[in-house]
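Summary of the model geometry
Single-letter residue listing:
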Amino acid sequence: MSENIIGYIDHQGNIIDTQSAGENCTATPIEYDNSEASLEIIRHSTAHLMAQAIAELYPNAQFFVGPVVDEGFYYDFRVDEQIGENDLKTIEKKMKELIKKKYKIEKYEMSKAEALEKFANDDLKQKVMERIADDTLSIYKQGDFEDLCRGPHVPALRFLHHFKLTRVAGAYLGGDETAEMLTRIYGVAFADKESLKAHLSMLEEAKKRDHRKIGAQMELFMFNEEAGAGLPFWMPKGAKLRYKLESILHKAHLMRGYEPVRGPEILKADLWRTSGHYACYGENMYLTSIDEQEYGIKPMNCLGHIQVFKQTQKSYRDLPIRYYEYGVVHRHEKSGVLHGLLRVREFTQDDAHIFCTQEQIATEVLQVVEFVDAVMKLFGFEYTMEIATKPQKAIGEDEVWELATQGLKDALESNQLPYTIDEGGGAFYGPKIDIKITDAIGRKWQCGTIQVDFQLPQRFEVEYVAEDNIRKRPVMIHRAILGSFERFIGILTEHYAGEFPFFLAPTQVIFVPIGESHSEYAHMLKKMLLKEGIDAEVYDKNDSLNKRIRTAEKQRVPYVVIIGEEEVANKTVAIRDRRNKEQYNLTQDEFMVKLITQLQEGTI
RNA sequence: GCCCAUAUGGCUCAGGGGUAGAGCACUUCCUUGGUAAGGAAGAGGUCGUGAGUUCAAGUCUCACUAUGGGCUCCA
């Protein structure tokens, strides 16, 4: 047996460790390297090694589960002492000491009954075994440390070198919010030093793109302790960026037959009772009272749109009617989940409601999918679609849910659009298609959503007059493309690392006049740009030329334009093109044409 | 909400039981410069908030608020 073999993989893709394989295994060997299978074994064993170290440092520790996850592993355990970030180093040190003892990792088996007996005093192990159906359980042993585990593991501790414990966290036992909270330590592990280093520096890079960091650097947005958590403020640069995004999308909506509407921020609680929000979503709503009447601050915009629809009589000839609103909504998110712009308590949705007949659902859903695709392409985003089905808290008949869910599936399938299913993830009033973007660090964020709803039209008695002069109930499609401006701009910021495309950049051009006498021409150019809707600034304060160029460059603007004797005399501009990392000269007219052309790229 | 950690001028951070430091930014003056930091002077903080321990708290303890990493949930 080769020194480097740490396991085998069979035809079904199952990993068999050397402890289980015996001498004459015919499955494909797994070498010690950074392959997926190899890393899975290494990480699992590293988790055990960590548990062994914790057991030595904290003799009262009890262990729950320690699985392999993306890039690493974790172990959940219960311990009397508080464990903080500083303790990670101590645990790592102990792990390295244990490796030096050159323990082999041995496996033996026993019946479940024997195992229950063996771990009789360990309620966490009892809980683990409750979840296992098998009659025979395996135990892995290294030195004095034993743990119930199905493997796979490396043959001996000497295979573990390149790991790092990354964070301490709390985790509910079994992910159940009402259950006890255990301590969880996360770590990463690789087969060689370089991969570990590369992974850690990748995390550093990701930190540099963090929208909270860039947002502060570029003065896009802020939060304020005195105002409250999860309530974003938009600074001038951020507001300019957001306005540009709103404008692009506004045109795109008009082109697709949407009409703008606007509803109030707060509505009487009875309306929320009728809709079902009060019962199904009440704990997330902010309630208040006016003249002894209960009101609710809107967490969604649907009710306003329904009222607008109902205000005038509608004919089948009017359908589909597509109302859209940049609707400000408030939702009480738990304090621990707030996260920069990605998770806030007040946000603005690019929300729309399409009122249509049942026959029109498929066409409308597809049109929305096309809209989503156009937006994602504009920003170069990868995305996936997921159909979410009926949740536990829901209103309406099962058959209606079936019908609506099937409608969504049909729409995607008839156009060969791939999707996955999120069982029980729907809104309380209907199933939905969620659009998930992958961000710079590989995290997935739900942004756009398309929801088919038979419930609210019924609850609010929404009607239109059909061809046969009979009043009928329209279907509502709720949809958002970006999801919210807050979240989407957060993701955009990380996606571009602050280097926004020309049509979005808060400041698109910075003019740097060399001397005082060149300022006038620079200001004249700035005015010309403003007329075309292009944001420009002139850096003519009392600093050296180099300093001003440096300051301008640090703003991450697409173009820094230098204006000197030559430019003033010839009516030209000297451009530093940050995106293409070039310098060149253009005439004033060529410059204008170039910028206006680039502005057009932001069209959907 | 729960677990762990953090909170020092606008920003990034150092310090640490005996009355606050640096760099950048800001203000003023000098410099008028052809592509990433010219020079000088100056102003700015009751060290997140509130209690407690102490002769003495920014430094130790507790609570709260906010932020960060997770659990759970979600646009």
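Since we're looking at a predicted model, the values are computed, not measured.

To continue, consider the overall build of chain A. Secondary structure summary: chain A contains 19 helices and 31 strands in total. Its C-alpha atoms put chain A at 80 × 75 × 55 Å along the principal axes. Burial statistics for chain A: of 604 residues in total, 50% are counted as buried. Here the analysis covers contacts within chain A between residues at least 6 apart in sequence; of these, 68% occur between residues at least 24 apart. About 29700 Å² of surface is accessible on chain A, with carbon and sulfur atoms providing 48% of the total. With 76 positive and 95 negative side-chain charges, chain A shows a spacing of 4 Å between the two charge centroids.

Following the criterion strictly, the structure yields 19 aromatic pairs and no others. Here Phe 63 and Tyr 75 contribute two aromatic rings whose centre-to-centre distance is 5.4 Å and whose plane-to-plane angle is 80 degrees, an arrangement assigned as edge-to-face. Pair noted here: Phe 63 is in strand β4 (residues 62-63) and Tyr 75 is in strand β6 (residues 72-78), with a separation of twelve residues, a long-range link. A relative accessible area of 7% places Phe 63 in the buried class. Note on Tyr 75: relative accessible area 2%, which makes it buried. Seen from their ring centres, Phe 63 and Phe 145 are 6.1 Å apart, and the 90 degrees between their planes marks the pair as edge-to-face. Taken as a pair, Phe 63 in strand β4 and Phe 145 in strand β9 (residues 145-148) lie far apart in primary sequence, 82 residues in all. On the basis of relative accessibility, which here comes to 8%, the residue Phe 145 falls in the buried class. Here the guanidinium or amino end of Lys 96 rests over the ring plane of Phe 163, the centre of that ring lying 5.3 Å away. One Lys or Arg, Arg 273, reaches over the ring of Tyr 278 and ends 4.2 Å from the middle of that ring.

A separate point is helix α17 (residues 545-554). Taken residue by residue, α17 has Arg 548, Ile 549, Ala 552 and Glu 553 as its buried positions. In an axial view of α17, the angular spread of the buried residues amounts to 135 degrees, which keeps them on one side of the axis. Facing away from the buried side of α17 by over 90 degrees, the exposed positions are Asn 546, Arg 550 and Lys 554. On its buried face, α17 is in contact with β27 (509-513), β29 (559-563) and β30 (572-577). Arg 556, located one to two residues past α17, shows a positive phi value of around 60 degrees.

For the rest of this paragraph, the subject is the packing of helix α12 (residues 361-379) against helix α15 (residues 485-496). The N-to-C vectors of α12 and α15 enclose an angle of 35 degrees; their axes lie 11 Å apart at closest approach. Along the contact surface, α12 presents Met 376, Leu 378 and Phe 379, while α15 presents Phe 488, Leu 492, His 495 and Tyr 496. Split by residue class, the contact of α12 with α15 holds six nonpolar, one polar and no charged.

A word on the protein's contact with RNA strand B. Taken together, 59 residues surround RNA strand B, and among them Tyr 172, Arg 343, Ile 514, Asn 542 and Arg 550 come closest. Those atoms of RNA strand B that come within 4 Å of the protein belong to sugar or phosphate at a rate of 50%. For RNA strand B, a base nitrogen lies 2.7 Å from a polar atom in the side chain of Glu 567. Per-element tally for the surface near RNA strand B: the top contributor is α17, with seven residues. Residue composition of the surface near RNA strand B, by class: 18 nonpolar, 18 polar and 23 charged.

The next subject is the pattern of salt bridges. This model, assessed by the stated rule, comprises 35 salt bridges. Among the ionic pairs, Glu 56 bridges to Lys 94, the shortest N-O distance being 3.8 Å. Of the two residues, Glu 56 sits in helix α2 (residues 36-57) while Lys 94 sits in helix α3 (residues 85-100), which places them 38 residues apart along the sequence. Among the salt bridges present, the one from Lys 377 reaches Asp 373, with a minimum N-O distance of 2.6 Å. With Lys 377 and Asp 373 both in helix α12 and four residues apart, the pair spans about one turn of that helix. What you see here is one network of salt bridges that share partners, running through Glu 499, Glu 553, Arg 576, Arg 578 and Arg 579.

Taken together, the three strands give an open sheet; going across it, the order is β15-β17-β16, and neighbouring strands pair in antiparallel fashion. Edge strands, defined here as strands with exactly one partner in the open sheet, are β15 (266-268) and β16 (287-290). Averaged over all adjacent pairs, the angle separating strand axes in this sheet is 40 degrees, with direction ignored. Here β15 pairs with strand β17 (residues 293-297) via three bridges, running antiparallel. Its bridge partner being in β17, Ile 266 is matched across the sheet by Ile 297.

Turning our eyes to something else, we now look at the confidence of the model for chain A. Chain-level pLDDT for chain A is 91 on average; 99% of the residues reach the 70-or-more range. Ranking the elements of chain A by mean pLDDT puts helix α1 (residues 18-21) last with 80 and strand β14 (residues 259-260) first with 98. Listed scores for the predicted complex are pTM 0.91 and ipTM 0.93.

Taken domain by domain, chain A holds domain 1 (5-208), domain 2 (215-496) and domain 3 (509-599). For domain 1 and domain 2, the distance between their C-alpha centres works out to 42 Å.

Taken as a whole, this structure holds two cavities of 30 Å³ or more when the rule is applied. Taken as a whole, the largest cavity spans an internal volume of roughly 80 Å³. Along its surface, the largest cavity is lined by Gln 217, Met 218, Lys 237, Ala 505, Pro 506, Thr 507, Lys 554, Gln 555, Arg 556 and Val 557. Looking at side-chain class alone, the lining of the largest cavity contains four nonpolar, three polar and three charged residues. Counting contributing residues per domain, the lining of the largest cavity is built from domain 2 (215-496) and domain 3 (509-599), each supplying no fewer than three. Put simply, the second largest cavity is a space of about 40 Å³. What lines the second largest cavity is simply Val 400, Trp 401, Ala 404, Tyr 429, Gly 430, Pro 431, Val 452, Asp 453, Phe 454 and Gln 455.

Let's shift gears to the nonpolar core. Ranked by internal contacts, the top residues of the largest apolar core, which has 57 residues, are Phe 379 and Phe 488. In terms of residues, this core owes the most to one element, α12, which gives ten residues. Setting aside residues up to four positions removed in sequence, Phe 488 forms contacts with Leu 245, Met 376, Phe 379, Phe 381, Ile 437, Cys 447 and Leu 482. In terms of nonpolar packing, the next biggest core, distinct from the first, is built from 43 residues, Ile 30, Ala 61, Phe 63 and Leu 160 among them.

Conventions used here
Residues numbered from 1 in each chain as written. Chains lettered and ligands numbered in written order. Predicted model: local features only at pLDDT ≥ 70, side-chain atom pairs only at ≥ 80, totals over all residues. Heavy atoms only, no water. Helix = DSSP H or I, 4+ residues; strand = E, 2+ residues; numbered from the N terminus. Buried < 20%, exposed > 50% of the residue type's maximum accessible area, 1.4 Å probe, protein only. Contact = heavy atoms within 4.5 Å. Areas by Shrake-Rupley, 256 points an atom, 1.4 Å probe, with all protein chains shown as cover. Lys, Arg positive; Asp, Glu negative; His and termini not counted. Charge placed at Lys NZ, Arg CZ, Asp CG, Glu CD. Phe/Tyr/Trp six-rings, centres within 6.5 Å; stacked < 30°, edge-to-face > 60°. Lys NZ or Arg CZ within 6 Å of the ring centre and 35° of its normal. Arc of directions from axis to C-beta. Axes fitted to C-alpha atoms, helices over the stretch in contact; angles between N-to-C directions. Nonpolar A, V, L, I, M, F, W, Y, C, P; charged D, E, K, R; others polar. Near = heavy atom within 4 Å. Polar contact = N/O pair within 3.5 Å; in protein donor to acceptor, adjacent residues only side chain to side chain. Salt bridge = Lys/Arg side-chain N within 4 Å of Asp/Glu carboxyl O. Pairing = 2+ DSSP bridges. pLDDT = per-residue confidence, 0-100. Domains from an automatic or database assignment. 1 Å grid on protein atoms, 1.4 Å probe; cavity = no way out; pocket = protein on both sides within 12 Å on 5 of 7 lines; lining within 4 Å. Points joined across faces, edges and corners; volume = space filled by probe spheres on them. Core = buried A, V, L, I, M, F, W, Y, C linked by side-chain atoms within 4.5 Å.

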